[in-house]
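# Architecture at a glance
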Amino acid sequence: KLNMTILVIYRRSILSHSLCRPRIFADYCIEAGKYLFMGDKNMTTLMVQTNRLLDNFKRIKKAAGSDIIPVLSGNGSGFGDTAIASILKDYVGMVAVSRIEEAVRIKTSDRMLEVLLLTPYSTEEEVRSIIEYDITATVASNDSAVLLSGIAEQAGKQARAHLKFDIGAGFF
């Protein structure tokens, strides 16, 4: 059983939600001790008990019996991708995101944390960012593999790739 209580402070009133995931996308995020505070300038604040987040993660990892790659897409589901990555960095080898902007943001906040970009890239500019920030790219075609390899070679670096296969259903 997972153990999580989320307190949402909205315009000075407190609402308690147990085992729910409110859709709050914060303008700023501050880690303070054992709590993660997020909110905007209109007095909307979300407080996540980070000790419970870590406890839940450890329980899931133990039940799985293997390493886990947390997916922090959508700004960590609105909880702040860099804040969640910072909390989990000592317990994971890699985090995954859907967008290049998220990957760059996490790598900028912690260059040592491995980041997997789940969405295949489509432009040279994205590939240059992938190489510059040492992000693990998702390769979905021979053309994208050649592009990634070529730009990595020009930069004098070795690219890391995750292969996605179309299984015939039109998605990966």
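Use the structure listed above.
Criteria and cut-off values
- Residues numbered from 1 in each chain as written.
- Predicted model: local features only at pLDDT ≥ 70, side-chain atom pairs only at ≥ 80, totals over all residues.
- Heavy atoms only, no water.
- Helix = DSSP H or I, 4+ residues; strand = E, 2+ residues; numbered from the N terminus.
- Buried < 20%, exposed > 50% of the residue type's maximum accessible area, 1.4 Å probe, protein only.
- Contact = heavy atoms within 4.5 Å.
- Areas by Shrake-Rupley, 256 points an atom, 1.4 Å probe, with all protein chains shown as cover.
- Right-handed = clockwise from strand over helix to strand, strands pointing away.
- Lys, Arg positive; Asp, Glu negative; His and termini not counted.
- Salt bridge = Lys/Arg side-chain N within 4 Å of Asp/Glu carboxyl O.
- Polar contact = N/O pair within 3.5 Å; in protein donor to acceptor, adjacent residues only side chain to side chain.
- Core = buried A, V, L, I, M, F, W, Y, C linked by side-chain atoms within 4.5 Å.
- Axes fitted to C-alpha atoms, helices over the stretch in contact; angles between N-to-C directions.
- Left-handed = near helix turned anticlockwise from the far one by under 90°.
- Parallel < 35°, antiparallel > 145°, perpendicular 65-115°, else oblique.
- Nonpolar A, V, L, I, M, F, W, Y, C, P; charged D, E, K, R; others polar.
- Pairing = 2+ DSSP bridges.
- Expected span 1.5 Å × (residues − 1).
- Arc of directions from axis to C-beta.

### Quick look at the overall build of the chain
When you go through the chain residue by residue, the secondary structure sums to 6 helices and 9 strands. The burial tally for the chain puts 37% of its 172 residues in the buried class. Across the chain, the fraction of contacts at a sequence separation of at least 24, relative to all contacts at a separation of at least 6, is 46%. Approximately 10,200 Å² of the chain is accessible, and the part contributed by carbon and sulfur atoms is 53%.

### Examining unusual backbone geometry
Phi at Asp134 takes a positive value of approximately 60°, unusual for a residue other than glycine. As for its position among the elements, Asp134 is in the loop between α5 (124-132) and β8 (137-139).

### A closer look at helix α3 (residues 81-88)
Counting buried residues in α3 gives 6 out of 8 residues, a clear majority hidden from the surface. Buried within α3 we find Asp81, Ala83, Ile84, Ala85, Ile87 and Leu88.

### Some thoughts on the pairing of strand β6 (residues 94-97)
Side chains of β6 alternate between two faces, with Met94 and Ala96 and Val95 and Val97 buried alike. For the handedness criterion, the β-α-β arrangement of β6, helix α4 (residues 100-109) and strand β7 (residues 114-117) is classed as right-handed.

### Focus: the side chain of Lys107
One can find Lys107 in helix α4. Although Lys107 lies buried, it forms no salt bridge, and the closest oppositely charged side chain, Asp134, sits 4.5 Å away as judged by the N-O distance. Within the local environment of Lys107, its side chain forms a polar contact with the backbone oxygen of Leu113, the two atoms lying 3.0 Å apart. Here Lys107 is in contact with Leu113, Val115, Tyr133, Asp134 and Ile135, once residues within four sequence places are set aside.

### What about the nonpolar core?
Ranked by size, the top nonpolar core spans 32 residues in total, and within it Ile106, Ile130, Ile135 and Leu148 carry the most contacts. Looking at this core, the elements with two or more residues in it are α1 (50-64), α3, β6, α4, β7, α5, β8 and α6 (142-155). Those residues in contact with Ile130 that lie beyond four places of it in its chain are Ile100, Leu117, Tyr121, Ile135, Ala137 and Leu148.

### Side note on the packing of α1 against α3
Following both chains from N to C, one finds α1 and α3 inclined at 65°, their axes separated by 10 Å at the closest point. Of the two elements, α1 crosses α3, and the hand of that crossing is right-handed. Only Ile84, Ile87 and Leu88 of α3 make contact with α1, whose side of the interface consists of Thr50, Leu53, Leu54 and Phe57.

### What about the packing of α5 against α6?
α6 packs onto α5 with a crossing angle of 55° between their chain directions and a minimal axis gap of 10 Å. Taken together, the axis directions place α5 and α6 in an arrangement best described as oblique. The handedness of the crossing between α5 and α6 is right-handed. Side by side, α5 and α6 meet where Glu124, Val127, Arg128, Ile130 and Ile131 of the first sit next to Leu147, Leu148, Ile151, Ala152, Gln154 and Ala155 of the second. Looking at the contact of α5 with α6, its residues break down into 8 nonpolar, 1 polar and 2 charged.

### Digging into the pairing of β7
Pairing geometry for β6 and β7, over 4 bridges, is parallel. Across the sheet, Met94 pairs through a bridge with Glu114, a residue of β7.

### Digging into α1
Between its terminal C-alpha atoms α1 stretches 21 Å, which fits the 21 Å expected from 15 residues at 1.5 Å a residue. Buried within α1 are the following residues: Thr50, Leu53, Leu54, Asn56 and Phe57. The buried residues of α1 occupy one face: seen down the axis, they fall within an arc of 160°. Residues of α1 that are exposed and point over 90 degrees away from its buried face: Lys62 and Ala63.

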